[in-house]
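An overview of the molecular structure
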Amino acid sequence: MDGPYSMEVVAHIRSPFSTKFGVPRQSGLAPSLESLVVFEPPYRNPDALRGLEEFSHIWLIWVFSQAARAGWSPTVRPPRLGGNARLGVFATRSPFRPNPIALSAVKLEGVERRPDLGPVLRVSGADLMDGTPILDIKPYLPYADALEATGGFTDACPRPTLAVDIPSPWREVVPPPLLAPLTEVLAQDPRPSYQHDPQRVYGFVFAGLEVGFRVEDGVLTVCRVEPEQTK
């Protein structure tokens, strides 16, 4: 039966990214990056999570809340192709879709009970901006979900990784538990794929820190780390 269908937001994620810039482009690329799945009050029932702790990974079904727009285009420009080629929207993971929904496989680090939040999920490797609404959660099933597969146009586009240099004193500004995930995020090259100016300083907010960096000859060098400026 055709829609419309009604869906409820069951949870939101708490992640280090207050803006879209810097968020890993796929899940699992920054495995040290931890986030928290916080359920909405109607869904803070421990019975709804019974048995989930037995799984090592879960699927998050979520909404591209910062990319929702009226209408849609049958073609998009995938970043992996440098933004210069168009492919069918259903052949990409572009956020600009007829229905702005996404799917991410993340590692389940633990199911915890918090006095103020009820049951929460501690996950790693998520590619979600802070506050992203989550529509559903499902266990990852290795026997069904881990398939031998080809990656289409992405197979011909090796995943970029950069050497990361965080000199002193900037390294001392970053709390030790955040150093590894920040380094993993930077190594994925957060820049738009069509920008390669070695003199340009890029910046994004990570866990309340404004991080500025330059990239030249395959090396990303952090040139600024300071507390986020609140408006």
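Refer to the structure above for everything that follows.
These notes cover the structure that comes with them.

Criteria and cut-off values
- Residues numbered from 1 in each chain as written.
- Predicted model: local features only at pLDDT ≥ 70, side-chain atom pairs only at ≥ 80, totals over all residues.
- Heavy atoms only, no water.
- Core = buried A, V, L, I, M, F, W, Y, C linked by side-chain atoms within 4.5 Å.
- Buried < 20%, exposed > 50% of the residue type's maximum accessible area, 1.4 Å probe, protein only.
- Helix = DSSP H or I, 4+ residues; strand = E, 2+ residues; numbered from the N terminus.
- Contact = heavy atoms within 4.5 Å.
- Phe/Tyr/Trp six-rings, centres within 6.5 Å; stacked < 30°, edge-to-face > 60°.
- Salt bridge = Lys/Arg side-chain N within 4 Å of Asp/Glu carboxyl O.
- Pairing = 2+ DSSP bridges.
- Axes fitted to C-alpha atoms, helices over the stretch in contact; angles between N-to-C directions.

In this section: the nonpolar core. Formed by 21 residues in total, the largest nonpolar core has its most connected members in Leu186, Phe204, Phe206 and Val211. Looking at this core, the elements that each hand over two or more residues are α3 (176-187), β10 (202-206), β11 (209-216) and β12 (219-227). If you tally residues by element for this core, the top one is β11, at four residues. Those residues within four positions of phenylalanine 204 in sequence are excluded, and the remaining contacts are Phe17, Phe21, Gly22, Leu182, Val185, Leu186, Pro190, Leu209, Glu210, Val211 and Phe213. In terms of nonpolar packing, the next biggest core, distinct from the first, is built from 20 residues, Val10, Ile13, Ile58 and Ile134 among them.

Inspection of every chain in the model, using the stated rule, returns eight aromatic pairs. Ring geometry for phenylalanine 17 against phenylalanine 206: centres 5.4 Å apart, planes inclined by 70°, an arrangement best described as edge-to-face. With phenylalanine 17 in the loop between β1 (11-14) and β2 (34-39) and phenylalanine 206 in strand β10, the pair connects residues that are 189 residues apart, well separated along the chain. In this pair, the class of phenylalanine 17 matches that of phenylalanine 206, namely buried. Members of the aromatic cluster, connected to one another through ring pairs, are Phe17, Phe21, Tyr202, Phe204, Phe206 and Phe213.

Scanning the model with the defined rule gives eight salt bridges in all. As a salt-bridge pair, arginine 50 and aspartate 47 come within 2.7 Å of each other at their nearest N and O atoms. Its relative accessible area of 66% is what places arginine 50 among the exposed residues. Across the pair aspartate 189 and arginine 191 runs a salt bridge whose closest N-O atoms are separated by 2.8 Å. For the pair formed by aspartate 189 and arginine 191, the shared burial category is buried.

With that settled, the discussion passes to the environment of proline 46. Of note, proline 46 is situated in the loop between β2 and β3 (57-63). Taking relative accessible area as the criterion, proline 46 reaches 36% and is therefore assigned partly exposed. Here the alpha-carbon distance between proline 46 and valine 23, two residues 23 residues apart in the chain, equals 30 Å.

The sheet built from six strands closes into a barrel, its strands ordered β1-β2-β7-β6-β3-β8 with antiparallel pairing. Strand-to-strand twist in this sheet, taken as the mean axis angle between neighbours without regard to direction, amounts to 45°. The pairing of β3 with strand β8 (residues 133-139) spans five bridges and is antiparallel. Across the sheet, the residue bridging to isoleucine 58 is proline 139, located in β8.

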